[in-house]
Amino acid sequence: MKIEKYISIQRNSFNKELKSFFDKYKASNILLKAMWYSLSNGGKRLRPILVAEVSKALGLKRSYYRNLMLATELIHCYSLVHDDLPSMDDDDYRRGKLSTHKKFDEAQAILSGNGLLTLAFELLSQKYDSVVCNEISKVSGAYGLAGGQSIDIASESKKLNLKKILYIHELKTAKLFEFCISAPFLTLNDNKGSKLAIKYGNLLGKTFQIVDDIIDADQDEDNKNILNYMSKEEAISMCNDYKTQGDMYLSKLFPRKDNKLSQMFDYIIRQADD
């Protein structure tokens, strides 16, 4: 099966699971409606798919890692809702649909993001020990998503260098990818595996952001787009180097290669040429 079809199947499966999970809340008030709107606004769902792929390779049952999948997507969606706010990236549309703050209002969008983040912690604390919650708190806070967004905003219209760009990429994007790959190991208290998984997730996440920059290069004049600091060819070459390094970590994590992680890495890089 081609990796594109495999990812599509996994995405559809997760979307059904996400709807089933949120249906119990019945979107009975405006905040829950805004939260569901934020969650159901399309998306690649790559992060929960990665969680599932690692978990399956470890022999874990879906009932065991389901909360990990849901929580990572909730946190990702929360970050997008806040990114779109007028005080941040000020985007009126997300994936062709009105941003949450345009569909509802700015206050409800802020609360929607807060609600999604808090619900993610609720899901993780229900199922796993404090090690997992401690890790996601770092990933989503000042040392991860929030910290990266803060630097991003503070860097508007400033002259930057490649090192600073890659650092923003690491915080805003790669940290959550690190969690996706390492979280299943963390739930098993596999410290050695989780450290290797973090390194792999870091490379995967940085690659994802570089490719995202390449795709968006013609649509905006963001001073933090990596193509302001290197050519498209150089950026893709960097992604391929990351892939080579990642394969080394992957061979140590899963010597039998009974997973599709390497193919997913290739799939991400190919998006830069589509």
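Anyway, here's the lowdown on the structure attached to this text. (Residues numbered from 1 in each chain as written. Predicted model: local features only at pLDDT ≥ 70, side-chain atom pairs only at ≥ 80, totals over all residues. Heavy atoms only, no water.)

1. A short note on helix α2 (residues 30-39)
Turning to step 1, where the next piece is worked out: For α2, every residue scored as buried is listed here: Leu32, Ala34, Met35, Tyr37, Ser38 and Leu39.
Turning to step 2, where the next piece is worked out: Elements in contact with the buried residues of α2: α1 (3-23), α4 (62-83), β2 (97-98), α5 (100-103) and α6 (106-127). (Buried < 20%, exposed > 50% of the residue type's maximum accessible area, 1.4 Å probe, protein only. Helix = DSSP H or I, 4+ residues; strand = E, 2+ residues; numbered from the N terminus. Contact = heavy atoms within 4.5 Å.)

2. Concerning the packing of aromatic side chains
Turning to step 1, where the next piece is worked out: By the definition in use, this model includes seven aromatic pairs.
Turning to step 2, where the next piece is worked out: Note on Phe22 and Trp36: the rings are 5.4 Å apart at their centroids and 20° apart in plane angle, and the pair reads as stacked. Of this pair, Phe22 sits in helix α1 while Trp36 sits in helix α2, placing them 14 residues apart in sequence.
Turning to step 3, where the next piece is worked out: Here Trp36 falls in the partly exposed class, since its relative accessible area comes to 25%.
Turning to step 4, where the next piece is worked out: Taken together, a centroid distance of 5.9 Å and an interplanar angle of 35° make the contact between Phe185 and Phe254 tilted. In this pair, Phe185 sits in helix α9 (residues 162-187) while Phe254 sits in the loop between α11 (232-253) and α12 (261-270), placing the two residues 69 residues apart along the sequence. (Phe/Tyr/Trp six-rings, centres within 6.5 Å; stacked < 30°, edge-to-face > 60°.)

3. Thoughts on unusual backbone geometry
Turning to step 1, where the next piece is worked out: A positive phi angle is found at Arg45, which is not glycine, with a value near 60°.
Turning to step 2, where the next piece is worked out: Arg45 sits in the buried class, given a relative accessible area of 4%.
Turning to step 3, where the next piece is worked out: Look at Arg95: it is not a glycine, yet its phi comes out positive at around 55°.
Turning to step 4, where the next piece is worked out: Mapped onto the secondary structure, Arg95 falls in the loop between β1 (93-94) and β2.

4. Quick word on the packing of α1 against helix α3 (residues 46-57)
Turning to step 1, where the next piece is worked out: At a minimum axis distance of 10 Å, the contact between α1 and α3 shows a crossing angle of 105°. The angle between α1 and α3 places the two elements in the roughly perpendicular class. Along the contact surface, α1 presents Tyr6, Ile7, Gln10, Arg11 and Phe14, while α3 presents Pro48, Ile49, Glu53 and Lys56.
Turning to step 2, where the next piece is worked out: Split into classes, the residues belonging to the contact of α1 with α3 amount to five nonpolar, one polar and three charged. (Axes fitted to C-alpha atoms, helices over the stretch in contact; angles between N-to-C directions. Parallel < 35°, antiparallel > 145°, perpendicular 65-115°, else oblique. Nonpolar A, V, L, I, M, F, W, Y, C, P; charged D, E, K, R; others polar.)

5. Remarks on the packing of α4 against α6
Turning to step 1, where the next piece is worked out: Orientation of α4 relative to α6, taken along the N-to-C sense of each, is 160°, at an axis distance of 8 Å. As judged from the angle between their axes, α4 and α6 are roughly antiparallel. Both α4 and α6 take part in a crossing whose hand is left-handed. Only Ala109, Ile110, Gly113, Asn114, Leu116, Leu117, Leu119, Ala120, Leu123, Leu124, Gln126 and Lys127 of α6 make contact with α4, whose side of the interface consists of Ser63, Tyr64, Asn67, Leu68, Leu70, Ala71, Leu74, Ile75, Cys77, Tyr78, Val81 and His82.
Turning to step 2, where the next piece is worked out: Looking at the contact of α4 with α6, its residues break down into 17 nonpolar, six polar and one charged. (Left-handed = near helix turned anticlockwise from the far one by under 90°.)

6. Things to note about α9
Turning to step 1, where the next piece is worked out: Compared with the 38 Å implied by 1.5 Å per residue over 26 residues, the 35 Å span of α9 between its first and last C-alpha is a close match.
Turning to step 2, where the next piece is worked out: The sharpest bend along α9 reaches about 50° and sits at Ala174.
Turning to step 3, where the next piece is worked out: For α9, the buried fraction is high: 19 of the 26 residues fall into the buried class.
Turning to step 4, where the next piece is worked out: Put simply, Asn161 is the residue that caps the front of α9, since its side-chain oxygen is 3.2 Å from the backbone nitrogen of Lys163.
Turning to step 5, where the next piece is worked out: Where α9 terminates, the next one or two residues include Asn189, which has phi positive at roughly 55°. (Expected span 1.5 Å × (residues − 1). Bend = angle between axes of the 7 residues up to and from the residue. Polar contact = N/O pair within 3.5 Å; in protein donor to acceptor, adjacent residues only side chain to side chain.)

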